[in-house]
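# An overview of the molecular structure
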Amino acid sequence: MAAIELRGLTKVYPGGVKALDALDLAIPDGEFFALLGPSGCGKTTLLRTIAGLETATGGAVVIGDRDVTGLQPGARDVAMVFQDYALFPHMDVTDNIAYPLRIKKVAKAARHEKAAEVGARLGLDHLMDRRPGQLSGGQQQRVALARVMATQAQAYLFDEPLSNLDARLRLEARTFLKKLQRELGVTTVFVTHDQAEALAMADRMAVMEAGHIRQIGTPSEVFQRPANTFVASFIGSTPMNLLDGVARGDTLEVAGCKIRVPVSAEGRVPDGTAIVYGVRPEYMTYSAEPADGAFGGKVAIVENLGASHLVTLDVGDVIVQAVVPEGSEPAVGDDGYALPRRDRALVYRDGELV
Amino acid sequence: MTRFVLGRIGFYTLVAVLLAFFTIPLLWLVTAPFTSDPTYEVKVPDFTLDNFRAVLEHPYALPSLWNSVVLSVGSAVLVVVMAALAAYALSRVRLPGRDALLYALLLLSSIITGTAAMVPLFQLAVELNLIDSQLGLILILTGGLLPAAIFMLKDFMDSTPKSYEESARVFGASPLQIVRHVVVPLVRPGLATIAVWAVANVWGNFLMPYLLLSDVEKQPAAVITYTLYTEGGQANLSMLSTFGLLYSIPVVLMYLFVSKKYGFRFHGGIKR
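Small disclaimer: the values here were computed from a predicted structure and weren't measured.

### Topic: the sheet that holds strand 11 (residues 241–248) of chain A
Sheet strands associate in pairs through backbone hydrogen bonding, adopting either a parallel or an antiparallel arrangement. If you walk across this open sheet you meet the six strands as 13-12-11-14-20-21 (chain A), and the pairing is antiparallel. Two strands bound the open sheet, and with one partner strand each, they are strand 13 (257–260) and strand 21 (352–353) of chain A.

### Some thoughts on the interface of chain B and chain A
Accessible area lost when the parts come together is the quantity often used to give the size of an interface. Counting residues at the interface gives 21 residues for chain B and 31 residues for chain A. When chain B packs against chain A, the two sides together hide about 2,300 Å² of surface, and 62% of this comes from carbon and sulfur. Joining chain B to chain A, the criterion identifies one salt bridge. A salt bridge links E166(B) to R48(A), with the shortest nitrogen-to-oxygen separation between them at 2.7 Å.

### As for the confidence of the model for chain A
Averaged over every residue, the pLDDT of chain A is 87; the share at 70 or more is 100%. Per-element averaging of pLDDT across chain A places strand 13 of chain A at the bottom with 82 and strand 9 (residues 204–209) of chain A at the top with 91.

### Here's the deal with the pairing of strand 2 (residues 18–27) of chain A
All names here are of chain A. Judged from the six bridges that link them, strand 1 (residues 4–12) and strand 2 form a sheet pairing that is antiparallel. In the strand pairing of strand 2, I4 is matched with I27. Between strand 1 and strand 2, which pair antiparallel in sequence order, lie five residues; one of them, G15, sits at a positive phi of approximately 105°.

### Section: the UniProt feature "transmembrane region" (unreviewed entry) in chain B
Residue and element names in this part refer to chain B. UniProt tags residues 9–30, 65–88, 100–122, 134–153, 190–212 and 237–258 as "transmembrane region" (unreviewed entry). Each end of residues 190–212 is marked by a C-alpha atom, and these two atoms are 31 Å apart; helix forms 87% of the span and strand 0%. Regarding residues 237–258, the helix share stands at 100% and the strand share at 0%, and the terminal C-alpha atoms are separated by 32 Å.

### Quick notes on the packing of aromatic side chains
For the coordinates displayed, the defined rule picks out 15 aromatic pairs over all chains. Aromatic side chains F88(A) and Y99(A) sit 4.9 Å apart centroid to centroid with 75° between the ring planes, which places their arrangement in the edge-to-face category. With F88(A) in the loop between strand 6 (78–81) and helix 2 (93–103) and Y99(A) in helix 2, this residue pair connects regions lying 11 residues apart in the sequence. In this structure F88(A) comes out as buried when scored by relative accessible area, which is 0%. Seen from their ring centres, F11(B) and Y12(B) are 5.4 Å apart, and the 65° between their planes marks the pair as edge-to-face.

### A word on the pattern of salt bridges
In the structure shown here, the tally under the stated rule is 19 salt bridges over all chains. Of the charged contacts in the structure, one is a salt bridge between R53(B) and D50(B), with a shortest N-O distance of 3.0 Å. In this pair, R53(B) and D50(B) both sit in helix 2 (residues 50–57), three residues apart, roughly one turn of the helix. A relative accessible area of 47% means that R53(B) is categorised as partly exposed. Overlapping salt bridges bring together K11(A), R48(A), E54(A) and E166(B) as one network.

### Section: the packing of helix 3 (residues 61–92) of chain B against helix 6 (residues 134–158) of chain B
All names here are of chain B. Running from N to C, helix 3 and helix 6 point in directions that differ by 40°, and their axes come no closer than 6 Å. One way to sum up the angle between helix 3 and helix 6 is to call them oblique. Crossing of helix 3 over helix 6 shows right-handed handedness. Among the residues forming the contact of helix 3 with helix 6, the class breakdown is 21 nonpolar, six polar and three charged.

### A few points about a positive patch on the surface
On the surface, R102(A), K105(A), K108(A) and R180(B) cluster together into a positively charged patch. Relative to the elements of secondary structure, K105(A) occurs in the loop between helix 2 and helix 3 (108–121).

### Side note on the confidence of the model for chain B
Confidence in the prediction of chain B, expressed as mean pLDDT, is 84, and 94% of residues score 70 or more. In this model, residues 264–268 of chain B is a region of pLDDT below 50 whose contacts with residues beyond four sequence positions or in other chains number 15 contacts.

### Description of the packing of helix 3 of chain A against helix 4 (residues 137–151) of chain A
Residues and elements named next belong to chain A. At a closest axis distance of 9 Å, the pairing of helix 3 and helix 4 adopts a crossing angle of 130°. Put simply, helix 3 runs oblique to helix 4. You can see that helix 3 and helix 4 cross each other, and the crossing is right-handed. Across the interface between the two elements, K114, V118 and R121 of helix 3 pack against A146, M149 and A150 of helix 4. Its residues assigned to classes, the contact of helix 3 with helix 4 shows four nonpolar, no polar and two charged.

### Here we look at helix 5 (residues 167–184) of chain A
Residue and element names in this part refer to chain A. Taking 1.5 Å of rise per residue, 18 residues should cover 26 Å, and helix 5 covers 26 Å from first to last C-alpha, within 8% of that figure. Of the positions making up helix 5, those classed as buried are A173, L177, L180 and Q181. Summarising the axial view, the buried residues of helix 5 lie within an arc of 95°, below the 170-degree limit, and thus occupy one face. Turned more than 90 degrees away from the buried face of helix 5, the exposed residues are R168, E172, T175, K179 and R182. Among the structural elements, strand 3 (32–36), helix 4, strand 7 (155–159), strand 8 (187–192) and helix 6 (195–201) are those in contact with the buried residues of helix 5. Looking one or two residues past helix 5, G185 carries a phi angle of roughly 65°, positive in sign.

### A few points about the side chain of R111(A)
All names here are of chain A. Note on placement: R111 falls in helix 3. Of the side chains bearing the opposite charge, D95 lies closest to the buried R111, which forms no salt bridge; the N-O distance is 5.7 Å. For R111, the residues in contact, after removing those within four places along its chain, are A98, L101, R102 and V106.

What counts, and where the lines are drawn
- Residues numbered from 1 in each chain as written.
- Chains lettered and ligands numbered in written order.
- Predicted model: local features only at pLDDT ≥ 70, side-chain atom pairs only at ≥ 80, totals over all residues.
- Heavy atoms only, no water.
- Pairing = 2+ DSSP bridges.
- Helix = DSSP H or I, 4+ residues; strand = E, 2+ residues; numbered from the N terminus.
- Contact = heavy atoms within 4.5 Å.
- Buried area = accessible area lost by both parts, 1.4 Å probe.
- Salt bridge = Lys/Arg side-chain N within 4 Å of Asp/Glu carboxyl O.
- pLDDT = per-residue confidence, 0-100.
- UniProt positions renumbered as here; feature names shortened; annotations may be inferred.
- Phe/Tyr/Trp six-rings, centres within 6.5 Å; stacked < 30°, edge-to-face > 60°.
- Buried < 20%, exposed > 50% of the residue type's maximum accessible area, 1.4 Å probe, protein only.
- Axes fitted to C-alpha atoms, helices over the stretch in contact; angles between N-to-C directions.
- Parallel < 35°, antiparallel > 145°, perpendicular 65-115°, else oblique.
- Left-handed = near helix turned anticlockwise from the far one by under 90°.
- Nonpolar A, V, L, I, M, F, W, Y, C, P; charged D, E, K, R; others polar.
- Patch = residues over 30% accessible without salt bridge, like charges linked within 9 Å, V, L, I, M, F, W, Y side chains within 5 Å.
- Areas by Shrake-Rupley, 256 points an atom, 1.4 Å probe, with all protein chains shown as cover.
- Lys, Arg positive; Asp, Glu negative; His and termini not counted.
- Charge placed at Lys NZ, Arg CZ, Asp CG, Glu CD.
- Expected span 1.5 Å × (residues − 1).
- Arc of directions from axis to C-beta.

So this is what it looks like as structure tokens:
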């Protein structure tokens with residue numbers, strides 16, 4: 001078990017594409033850490049650079065108290081689960097799980113015993129003689145996890161561990177992975193493009209964009225106080241309302257409505273500054289009656305989210321979305337008012353949180 | 001309707017003629033050895049084994065088949081080992097001008113064992129003291145087969161996902177361990193294909209052994225076939241057909257064996 005630290009880590013691909021731009025990141029021992037970002041943001045490159053499959057152009061990777069920047073992947077004492085699991089198709093489950101021990105020259109009997117032990121822990125005991133081709137996606141994933149557990153490495157790296165599972169299995173695997181990581185207590189870094197996955201599983205997470213880390217924090221910090229408009233628009237299963245506005249004394253003029261300055265920005269936006277007002281649809285109170293400091297408009301679309309509805313209001317020429325509990329959803333064409341929660345709304349200036 | 005029927009009749013007639021063209025020589029090959037006095041006709045054999053006795057009594061016939069085995073297996077082993085290593089490297093390491101190199105090699109290979117290179121190859125073998133040596137012949141045949149083998153195997157290697165190897169690398173496997181544990185098992189059908197192809201190529205090669213081996217005790221079956229004449233200078237059809245049958249059986253058996261053993265591909269382990 002060990003902490004992972006990245007210092008000014010830079011990766012430039014031949015041809016000049018800067019995949020990682022001087023990243024600093026510290027992941028304490030035992031943490032479940034998510035790297036989240038849209039495709040092409042460099043999150044997989046970052047994971048592969050930690051693993052040693054890509055060589056860093058600059059900066060350092062420190063695992064535990066060892067600088068491993070110049071070391072081969074095998075010498076770094078990390079274990080990795082690949083997106084496609086990369087189970088060896090010509091070996092049965094036992095041999096797959098025992099493969100890392102075979103490389104470490106553990107005797108056959110000892111490594112098969114270890115494989116059986118780890119396999120049993122992950123509920124694979126009745127599958128140990130099968131080949132990967134005879135397993136379902138979820139079983140293959142557990143074999144890949146078992147193989148990683150057999151290494152007893154200092155840190156685990158998971159590349160999109162859930163993306164190859166179907167939707168229902170993914171939710172189960174999410175819970176399973178989080179529980180397993182907690183029990184093992186091994187520092188784990190995983191890459192995902194699914195913000196819900198990162199929020200659900202991670203102890204802390206980094207949101208990446210174009211080779212930069214845009215925010216590091218716990219899932220609640222990142223969800224409630226996105227540090228910039230990129231993170232704000234990327235996180236959340238219903239996109240955050242991000243509306244252009246201007247500060248007017250102690251109110252904000254947003255989409256033609258007068259909105260009170262959020263608690264977090266009180267006294268910090270001088271008169272006349274151009275701002276972006278951000279509030280999540282979940283933090284809006286919807287009402288059919290006009291209210292002070294609310295967005296008023298016509299209901300354009302009502303989307304069913306299951307236990308609630310997402311109501312889209314046409315406010316002037318912008319749209320404002322609010323989540324309405326079931327039973328009180330309006331009809332399309334009604335007049336509606338959405339009142340933001342002052343303690344949850346945010347103000348961004350030049351793209352950064354005020 | 002009549003046009004359709006006529007078209008069908010024409011089509012099947014054409015197929016029948018084509019089939020006969022290829023079948024009749026094969027029929028001759030399996031009937032003539034069992035006929036007492038074979039001609040170029042296909043006739044119902046009288047099931048005599050005299051021809052086989054004659055082949056057995058021929059001083060060079062059976063040893064030449066063994067020579068063929070030595071030459072073809074020797075070359076095949078060399079070709080498979082060297083082509084596998086080269087193809088793996090070429091498939092995984094990005095070199096500037098790699099594809100140009102491969103195509104140039106492929107082009108040159110048809111020259112190396114081709115007629116154009118006979119004189120220089122002969123001279124080279126003389127200089128290196130490899131004339132009349134089976135080892136020398138194996139080396140030259142291997143050289144001729146390698147480029148095409150590398151080219152074909154590289155294709156196999158390219159189509160195996162890299163994450164298998166990366167996974168082994170992260171577990172600490174050395175490059176040679178990766179090749180042994182992961183790459184070779186994955187491309188085994190490809191290796192088997194190359195081996196069969198190399199054996200069949202050397203087995204049927206007449207020109208190179210004819211040029212480079214003058215000692216009749218070292219000559220392979222392909223060259224010995226050429227010497228099967230009657231005293232009158234006529235082709236000895238009973239010997240030729242019988243020897244031809246014996247000569248073709250091992251290749252057919254090898255093909256059947258390999259196709260049964262390796263004629264499948266592994267699936268799974270990589271989620272697509």
